[in-house]
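The primary structure of each chain is shown beneath.
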Amino acid sequence: MKETSLQCVLILISLLSFTTHQARLTVSPSSSQFFEGDFVSLSCEEDDSSAGRTLRRNTSKQQRTQCGDGWGRLAGSSCNISMMVYHDNGVYWCESKEGPISNLVNLTVTGGSVILQSPVLPVMEGDDVTLLCKTKTTPSNLPAAFYKDGSLIRKQPTGHMTIQHVSRSDEGLYKCDISGHGESPSSWITVTGEHTTTPPPTSTPPPTSTSSPDFSCVPLSLFSLVLTVSVISSVCVLVLVVLLVLLVRRQVQRKTEREELEMKSSTTANQRKQRKSSSCCPLSPEN
């Protein structure tokens, strides 16, 4: 089924972003899906201060670019995007030189006519979660059908659905459909009950179309293995370069020492030859 093969990138991002961290990225309005032309504000929040934190993102065209560098406008600790466009699809996070990065947030921008408003951050077990199916030009209380992992959950006459007391079994890919208007993109909802730390972000491209791409799923362990091998390879290359430089310097030093030794030996031999010549052939006294 198409929904079960939806980009595993979103799943991996959510698995790496279970709960709150020292810093937290919040999105206003709280949604992971937006229409083209929508306004969104992203903020780096933490217990003490957000000073020194930088908001960055990865998209299909740019990697690790920060707010104000060709996208968004800084407003204190927030970054405002006045009109979302398709190229704003991507992964967003906060980071600093001193501390760990924040949770990762995947934002989807669609040119379609339907979006699903769902929690942009992981939700705690036992909480109630409300999903809202919205259209761009008509009231948001139209009848809508809600799907999880490609299977119909239920149809709601008012366009919103509440999942009460969520559990880990409620994790999955959700989308909605409004008859006569279309289908929303899919969003992954994460349910968590424990605190973990988010590792550094990877260069993860966002979706390349508003429909569900046909990616083949990659296990998280394989993803971690590839990342680890990449880091180890970079370190090995650096070590080899350093060793090569030291080897070249050592060879040059040895060559210089050898030339100096040969020069000294040649000088000593010449001196001995001169002394031998003067002692073997004394000058004859004059008569």
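Located above this text is the structure these notes cover.
Each value, and the rule that gives it
- Residues numbered from 1 in each chain as written.
- Predicted model: local features only at pLDDT ≥ 70, side-chain atom pairs only at ≥ 80, totals over all residues.
- Heavy atoms only, no water.
- Buried < 20%, exposed > 50% of the residue type's maximum accessible area, 1.4 Å probe, protein only.
- Helix = DSSP H or I, 4+ residues; strand = E, 2+ residues; numbered from the N terminus.
- Pairing = 2+ DSSP bridges.
- Salt bridge = Lys/Arg side-chain N within 4 Å of Asp/Glu carboxyl O.

## Focus: the pairing of strand β16 (residues 172-178)
The buried fraction of β16 amounts to 6 of the 7 residues, a majority that puts the element mostly inside the structure. Both strand β13 (residues 144-148) and β16 contribute to a ladder of 4 bridges, which runs antiparallel. Of the residues in β16, the one forming a bridge with Ala-145 is Asp-177. Bridge count between β16 and strand β18 (residues 187-189): 3 bridges; the pairing is antiparallel. From the neighbouring strand, Leu-173 faces β18, where its bridge partner is Trp-188. As judged from the 2 bridges shared by β16 and strand β17 (residues 182-183), these two strands associate in the antiparallel manner. When the bridges of β17 are listed, Ile-178 appears paired with Gly-182. A loop of 3 residues connects β16 with β17, the two strands running antiparallel in sequence, and Gly-180 in this loop sits at a positive phi of about 90 degrees.

## Some remarks on unusual backbone geometry
For the bond from Ser-28 to Pro-29, the omega torsion is 0 degrees, close enough to zero to count as cis. Structurally, Pro-29 can be placed in the loop between β1 (23-28) and β2 (33-35). For Asp-149, which is not glycine, the phi torsion reads 55 degrees and is therefore positive. Mapped onto the secondary structure, Asp-149 falls in the loop between β13 and β14 (151-156). Located in the positive-phi region is His-165, a residue other than glycine, with phi close to 50 degrees. Within the secondary structure, His-165 is located in the loop between β15 (160-163) and β16.

## So, the sheet that holds strand β8 (residues 90-95)
Read from one edge to the other, the open sheet built from 5 strands follows the order β2-β9-β8-β4-β5, with strand pairing classed as mixed. The strands lining the two open edges of the sheet, one partner per strand, are β2 and β5 (65-66). The pairing of strand β4 (residues 54-58) with β5 spans 2 bridges and is classified as antiparallel. Following the sheet pairing, Arg-56 is matched in β5 by Gln-66.

## Some words on the pattern of salt bridges
It is possible for side chains of opposite charge to pair when their charged atoms get near one another. On inspection of all chains with the given rule, the structure shows 6 salt bridges. As a salt-bridge pair, Glu-45 and Arg-24 come within 3.5 Å of each other at their nearest N and O atoms. One end of the pair, Glu-45, is in strand β3 (residues 40-46); the other, Arg-24, is in strand β1, with 21 residues separating them in the sequence. Residue Glu-45 is classed as partly exposed on the basis of its relative accessible area, which comes to 37%. For Arg-24, a relative accessible area of 32% puts it in the partly exposed group. Between Lys-148 and Asp-149 there is a salt bridge; the shortest N-O distance is 3.1 Å. By relative accessible area, which is 26% here, Asp-149 ends up partly exposed. Three or more residues joined by partner-sharing salt bridges are found here, namely Arg-56, Arg-64 and Glu-95.

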